[in-house]
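Each chain, letter by letter, is given below.
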Amino acid sequence: MSADTAGTTLSSARIGVITFPGTLDDRDAARAVRLAGGEPVSLFHADGDLQGVDAVVLPGGFSYGDYLRAGAISRFAPAMDAVVDAARGGMPVLGICNGFQVLTEAHLLPGSMVKNDHLHFVCREQILSVENAGTAWTNRYTTGQQITIPLKNQDGQFVADERTLDELEGEGRVAFRYVGTNPNGSRRDIAGISNAAGNVVGLMPHPEHAVEAGFGPDSADGRRAGTDGLGFFTSVLASLVHA
Amino acid sequence: MGRVVVEVMPKPEILDPQGKAVVGALPRLGFTQFSGVRQGKRFELEVDGEVTPEVLEAARQAAGTLLSNPVIEDVVRVADASEESTEVSA
């Protein structure tokens, strides 16, 4: 089934995008859902009602100014209580950048992010290798496939103790690894991980910024032509149909 | 008015990039005595009344849930600091 067919057959799937104070990329995430063929639903951090959505995206940004720790305050938002419950019940949840930080603070994913090892904000087009194409958000990729999507963060260094890292590797829960260069000092080049069930995925790079030709990273097809991020959103639509 | 101080430090095994940057800057100012720096956080929690054992216990719980992330940080001190001066003695 092509991505196009997915779009026409799955348009009833409703994907929530939560806005926290300081979220930046909620509109891009909603647009990515729409371009993939889903129906984006705007959700607000202070509202514990997820409005019956089929999946949730926690978008990037600097919620609460990254004060205290990135994602630390958002994790206690009423909407997050609902997300934690739903995620434990199997609902697909994707955390991008700040959203990934929120997922670790909420203990839906292990480890944490600290300041980049070089201390600078980094913004670049980043090559990733898809390490696990079996999750709710990666099933439209193939394991080992390389994709290019933007990366932009300051607190992007993924850290966890060795035992947790070994566990993640052993259970196939490293979803993405940085290729070519490790942009922030992340342990074992890890760019994204999943929970054991594969319905919760978090990563630092931004798939929602690489979903439409003309507005994505440079690719073999031309300048700004890269749409490698679209697969995240077609993946979740496909996983909802098969659920 | 009472005050509880909570101090949080990055875990020893976590690389502290901020501390590393600071230790790199010190010798440039002539401070060559310091071979390492780790940078942590100090919270001052104000209470309207006395710092009771219950208040301290609540502060410990807040320290463990919101004020620190046990994956990367240790709470190294939770203490009644009502008598402590906020002025730094020279």
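Residues numbered from 1 in each chain as written. Chains lettered and ligands numbered in written order. Predicted model: local features only at pLDDT ≥ 70, side-chain atom pairs only at ≥ 80, totals over all residues. Heavy atoms only, no water.

> Any chance you could explain the overall build of chain B here in plain terms?
From N to C terminus, chain B includes 2 helices and 3 strands. Reading the secondary structure of chain B in the N-to-C direction produces β-α-β-α-β. In terms of C-alpha radius of gyration, chain B reaches 16 Å, well past the compact-globule figure of 12 Å for 90 residues. Referenced to the eigenvectors of the C-alpha coordinate spread, the extents of chain B come out at roughly 45 × 35 × 15 Å. Counting over 90 residues, chain B shows a buried share of 31%. Charged side chains of chain B number 9 positive and 15 negative; the gap between the two group centres comes to 11 Å. (Helix = DSSP H or I, 4+ residues; strand = E, 2+ residues; numbered from the N terminus. Rg over C-alpha atoms; globule rule 2.2 N^0.38 Å. Buried < 20%, exposed > 50% of the residue type's maximum accessible area, 1.4 Å probe, protein only. Lys, Arg positive; Asp, Glu negative; His and termini not counted. Charge placed at Lys NZ, Arg CZ, Asp CG, Glu CD.)

> Is there a simple way to explain the overall build of chain A in this structure?
The number of helices and strands found in chain A is 6 helices and 11 strands. A compact globule built from 243 residues should have a C-alpha radius of gyration of about 18 Å, and chain A, at 16 Å, falls within 12% of that. Seen through its C-alpha atoms, chain A measures out along the principal axes to roughly 45 × 45 × 35 Å. For chain A, with 243 residues in total, the buried portion stands at 58%. Here the analysis covers contacts within chain A between residues at least 6 apart in sequence; of these, 73% occur between residues at least 24 apart. Per element, the accessible surface of chain A, about 9300 Å² overall, is 49% carbon and sulfur. Separation between the mean location of the 18 positive side-chain charges and that of the 28 negative ones in chain A comes to 2 Å. (Contact = heavy atoms within 4.5 Å. Areas by Shrake-Rupley, 256 points an atom, 1.4 Å probe, with all protein chains shown as cover.)

> Any chance you could explain helix H3 (residues 78-88) of chain A here in plain terms?
Since the α-helix packs 3.6 residues into each turn, any two residues three or four apart lie on the same face. Residues and elements named next belong to chain A. Of all the residues in H3, the buried ones are Ala79, Met80, Ala82, Val83, Val84 and Ala87. On its buried side, H3 packs onto strand E1 (14-19), strand E2 (39-44), strand E3 (55-58), strand E4 (93-96), helix H4 (98-105) and strand E11 (200-203). Looking one or two residues past H3, glycine 90 carries a phi angle of roughly 105 degrees, positive in sign.

> Hey, could you run me through the sheet that holds E11(A) in this one?
Strands belonging to one sheet form pairs held by backbone hydrogen bonds; the direction of such a pair is parallel or antiparallel. Residues and elements named next belong to chain A. Ordered by their spatial adjacency, 9 strands build an open sheet running E2-E1-E3-E4-E11-E10-E9-E6-E7, and the pairing between neighbours is mixed. Here the strands that pair on one side only, and so sit at the sheet edges, are E2 and strand E7 (146-153). Each neighbouring strand pair of the sheet contributes to a mean axis angle of 25 degrees, computed without reference to strand direction. In the sheet, E3 pairs with E4 via 3 bridges, with the strands oriented parallel. Residue pairing for E4: valine 57 is matched across the bridge by leucine 94. (Pairing = 2+ DSSP bridges. Axes fitted to C-alpha atoms, helices over the stretch in contact; angles between N-to-C directions.)

> Would you take a moment to explain the packing of aromatic side chains for this structure?
Each aromatic ring pair is described using two quantities: the centre-to-centre distance and the angle formed by the ring planes. All names here are of chain A. Per the counting criterion, the structure on display carries 3 aromatic pairs over all chains. When the ring of phenylalanine 100 is compared with that of phenylalanine 158, the centres are 6.1 Å apart and the planes differ by 15 degrees; the resulting orientation is stacked. Taken together, the positions of phenylalanine 100 in helix H4 and phenylalanine 158 in strand E8 (residues 157-159) put the pair 58 residues apart, joining distant regions of the chain. One exposure class covers both phenylalanine 100 and phenylalanine 158, and it is buried. (Phe/Tyr/Trp six-rings, centres within 6.5 Å; stacked < 30°, edge-to-face > 60°.)

> I keep staring at the confidence of the model for chain A and nothing clicks. Help me out?
Low pLDDT marks regions whose predicted coordinates should not be analysed in detail. Looking at chain A, the pLDDT average stands at 94 and 95% of residues meet or exceed 70. Low confidence marks residues 1-8 of chain A, where pLDDT is under 50. Its contacts with residues over four positions away, or in another chain, come to 9 contacts. (pLDDT = per-residue confidence, 0-100.)

> Help me understand the sheet that holds strand E1 (residues 2-10) of chain B, please; the structure alone is not making it clear to me.
Residues and elements named next belong to chain B. Strand order across the open sheet formed by 3 strands is E2-E1-E3, with antiparallel pairing between neighbours. The sheet is open, and its two edges are formed by strand E2 (41-47) and strand E3 (73-80), each paired on a single side. Across the sheet, the mean angle from the axis of one strand to that of its neighbour is 20 degrees, orientation sign disregarded. Taken together, the 7 bridges between E1 and E3 define a ladder with antiparallel strand orientation.

> Whenever I open this one, a nonpolar patch on the surface confuses me. Can you help?
Taken together, the side chains of Leu24(A), Phe62(A) and Phe121(A) present a nonpolar region at the surface, about 290 Å² in accessible area. Inspection of the secondary structure puts Phe62(A) in the loop between E3 and H3. (Patch = residues over 30% accessible without salt bridge, like charges linked within 9 Å, V, L, I, M, F, W, Y side chains within 5 Å. Salt bridge = Lys/Arg side-chain N within 4 Å of Asp/Glu carboxyl O.)

> Is there a simple way to think about the interface of chain B and chain A in this case?
How large an interface is tends to be reported as the accessible area lost when its parts come together. With 15 residues of chain B at the contact, the number on the chain A side is 16 residues. Of all residues in chain B, Pro17(B), Leu66(B) and Asn69(B) give up the largest surface area on contact with chain A, accounting jointly for 36% of the area buried on that side. In this assembly, chain B and chain A are joined by 1 salt bridge. A salt bridge links Glu73(B) to Arg69(A), with the nearest nitrogen and oxygen atoms 3.6 Å apart. Our count for the contact surface shared by chain B and chain A stands at 5 residue pairs in polar contact (both at pLDDT 80 or more). Secondary structure elements with two or more residues in the side of chain B that touches chain A: helix H1 (17-25), E2 and helix H2 (53-67) of chain B. By residue class, the composition of the side of chain B that touches chain A is 9 nonpolar, 4 polar and 2 charged. (Buried area = accessible area lost by both parts, 1.4 Å probe. Polar contact = N/O pair within 3.5 Å; in protein donor to acceptor, adjacent residues only side chain to side chain. Nonpolar A, V, L, I, M, F, W, Y, C, P; charged D, E, K, R; others polar.)

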